[in-house]
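Working through the structure, step by step
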Amino acid sequence: ALEPLSVGLAIGVAWALTGYLSHPSFYCSYVECCSSAGQRLNATALKVQLDTKLFGQHLAKDVVLKAVIGFSNNPNPKKPLTLSLHGWAGTGKNFLSQILAEHVHPAGLRSKFVHLFLATLHFPHDDELKLYKEQLQNWIRGNVSACPHSVFIFDEMDKMHPGLIDAIKPFLDYYEQVDGVSYTKAIFIFLSNAGGDLINRAALDFWTSGKHREEIQLKDLEPMLSVGVFNNKNSGLWHSSLIEKNLIDYFVPFLPLEQKHVKMCIRAEMIARGYAVDEEVVRAVVDEMTFFPKEQKIYSDKGCKTVQAKLDIHEDT
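Basis of the calculations
- Residues numbered from 1 in each chain as written.
- Predicted model: local features only at pLDDT ≥ 70, side-chain atom pairs only at ≥ 80, totals over all residues.
- Heavy atoms only, no water.
- UniProt positions renumbered as here; feature names shortened; annotations may be inferred.
- Helix = DSSP H or I, 4+ residues; strand = E, 2+ residues; numbered from the N terminus.
- Buried < 20%, exposed > 50% of the residue type's maximum accessible area, 1.4 Å probe, protein only.
- Contact = heavy atoms within 4.5 Å.
- Areas by Shrake-Rupley, 256 points an atom, 1.4 Å probe, with all protein chains shown as cover.
- Pairing = 2+ DSSP bridges.
- Salt bridge = Lys/Arg side-chain N within 4 Å of Asp/Glu carboxyl O.
- Expected span 1.5 Å × (residues − 1).
- Arc of directions from axis to C-beta.
- Phe/Tyr/Trp six-rings, centres within 6.5 Å; stacked < 30°, edge-to-face > 60°.
- Lys NZ or Arg CZ within 6 Å of the ring centre and 35° of its normal.
- Disulfide = S-S within 2.5 Å.
- 1 Å grid on protein atoms, 1.4 Å probe; cavity = no way out; pocket = protein on both sides within 12 Å on 5 of 7 lines; lining within 4 Å.

- Per an unreviewed UniProt entry, the protein carries the name Torsin-1B and comes from Eudyptula minor.
- Of the protein, the UniProt comment under Sequence similarities (unreviewed entry) reads exactly: "Belongs to the ClpA/ClpB family. Torsin subfamily."

Notes on the overall build of the protein
- For the protein, the count of helices and strands is 14 helices and 7 strands.
- For the protein, the proportion of its 317 residues judged to be buried stands at 45%.
- Sequence separation of at least 24 residues holds for 75% of the intrachain contacts in the protein that already meet a minimum separation of 6.
- Of the roughly 16700 Å² that the protein leaves accessible, carbon and sulfur atoms contribute 55%.

With respect to the pairing of strand E3 (residues 151-155)
- Most of E3 is tucked away, with 5 of its 5 residues classed as buried.
- Both faces of E3 are covered, namely the face carrying Val151, Ile153 and Asp155 and the face carrying Phe152 and Phe154.
- Taken together, the 5 bridges between strand E2 (residues 114-118) and E3 define a ladder with parallel strand orientation. By the bridge assignment, Leu116 is partnered in E3 with Ile153.
- Both E3 and strand E4 (residues 187-192) contribute to a ladder of 4 bridges, which runs parallel. Bridging across to E4, Phe154 finds its partner in Phe190.

Focus: the pattern of salt bridges
- In this structure the tally under the stated criterion is 10 salt bridges.
- Asp173 is the partner of Lys169 in a salt bridge, and the nearest nitrogen-oxygen pair spans 2.9 Å. Take Lys169 and Asp173: they sit in the same class, and that class is buried.
- Salt bridges sharing partners connect three or more residues here, namely Lys47, Asp51 and Lys61.

What about helix H7 (residues 129-146)?
- Taking 1.5 Å of rise per residue, the 18 residues of H7 would be expected to cover 26 Å, and the 26 Å separating its terminal C-alpha atoms lies within 8% of that figure.
- When H7 is considered as a whole, its buried residues turn out to be Leu129, Tyr132, Leu136, Ile140, Asn143 and Val144. The arc that holds every buried residue of H7, seen down its axis, measures 100 degrees, which confines them to one face. Structural note: H7 exposes Lys130 and Ala146 on the side pointing more than 90 degrees away from its buried face.
- Buried residues in H7 make contact with E2, helix H6 (119-122), E3, helix H8 (169-172) and E4.

Quick look at the packing of aromatic side chains
- Enumeration over the complete set of coordinates arrives at 8 aromatic pairs.
- Geometrically, the ring pair formed by Trp88 and Phe292 is tilted, given 5.1 Å between the ring centres and 45 degrees between the ring planes. You can see Trp88 sitting in the loop between strand E1 (81-86) and helix H5 (93-104) and its partner Phe292 sitting in strand E6 (residues 291-292), a full 204 residues away along the chain.
- Relative accessible area serves as the criterion here: at 18%, Phe292 is assigned to the buried category.
- One aromatic cluster is present, built from ring pairs that chain together Phe117, Phe123, Tyr132, Phe154 and Phe190.
- The ring of Phe206 has Lys211 lying over it, and the distance from NZ or CZ to the ring centre is 5.0 Å.

Some words on the state of the cysteines
- Considering all chains together, one arrives at 3 disulfides under this definition.
- Linked covalently through their sulfurs, Cys265 and Cys304 form a disulfide whose S-S length is 2.0 Å. One quick way to see it: the torsion about the S-S bond of Cys265 and Cys304 is about 80 degrees, and its sign makes the bridge right-handed. Remark: Cys304 occurs in the loop between strand E7 (299-300) and helix H14 (307-312) and Cys265 occurs in helix H12 (residues 259-272); sequence separation between them is 39 residues.

What to know about the UniProt feature "binding site: ATP" (unreviewed entry) in the protein
- Under the UniProt annotation, the feature "binding site: ATP" (unreviewed entry) is placed at Gly87, Trp88, Ala89, Gly90, Thr91, Gly92, Lys93 and Asn94. Lining the largest pocket, from the residues just named, are Ala89, Gly90, Thr91, Gly92, Lys93 and Asn94.
- Tracing the backbone shows Gly87 in the loop between E1 and H5.
- Those residues in contact with Gly87 that lie beyond four places of it in its chain are Lys93, Ser192, Asn193, Ala194, Gly196, Ile199 and Phe254.
- Apart from residues lying up to four places away in sequence, Gly92 is in contact with Leu54 and Phe254.

If you want it as structure tokens, here you go:
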């Protein structure tokens, strides 16, 4: 028979060990945990990463940095942070959303608390709109219940069926709770090519008038962008209640990239691959890309989107 003292000691040790192993600091070093309520984003680290990795987008960097840091520092936000990023392909919308996700949850897009929706993959059939709305609401409700600091990224908004995104309106509104769940700590990000033509035209007008692109301010583009997207049937936000009720906090314009910005992307990609930067290769890759307007050739028509593929051709060099 076991001595009572020995049994008591064994139970005490087991209890202490269980408590240690279940302590958040230990448990979360092996299993991803949701960000704690008091955890704030590292504003300096986020700014450095945006400055060194996102090229030619002074507006997007400034707006998103201020919006995200302000939201993170607010202990009691009244609604989730909702950002709508607009611009042509290759200008950095996906890249910025990935950087932001990594600063909220270090695993980024691999995190179980970061959710990426692709319109053509997750919502491909127009006749399934009702089902998609139910699935989307259930998915968001369940994941925010598990982690209030969840991040939801909706890519290809311009390919999303009109009206689908309005299914999440209750979660973006100024409600303390919806069916017992608070969504006020979550972040929603929409990515869209819609509005890109408006942004490009405005940027070209600035260039034509002799102004620097860095002089373009949010107030020069955001009102036009929100109206243009609202009236665009191919925006995913056509006549959306999210715009009517002012639930999108910022419409963030991504400007078309100039040749100098494309060169920055090429150099960054070479460094990421472990190469020494070779300016001859940089020029060769740029020469294979196309720019608009046809006469002036100021802006890259694909941004930096094809840089990786074109650099592959020059691997041996």
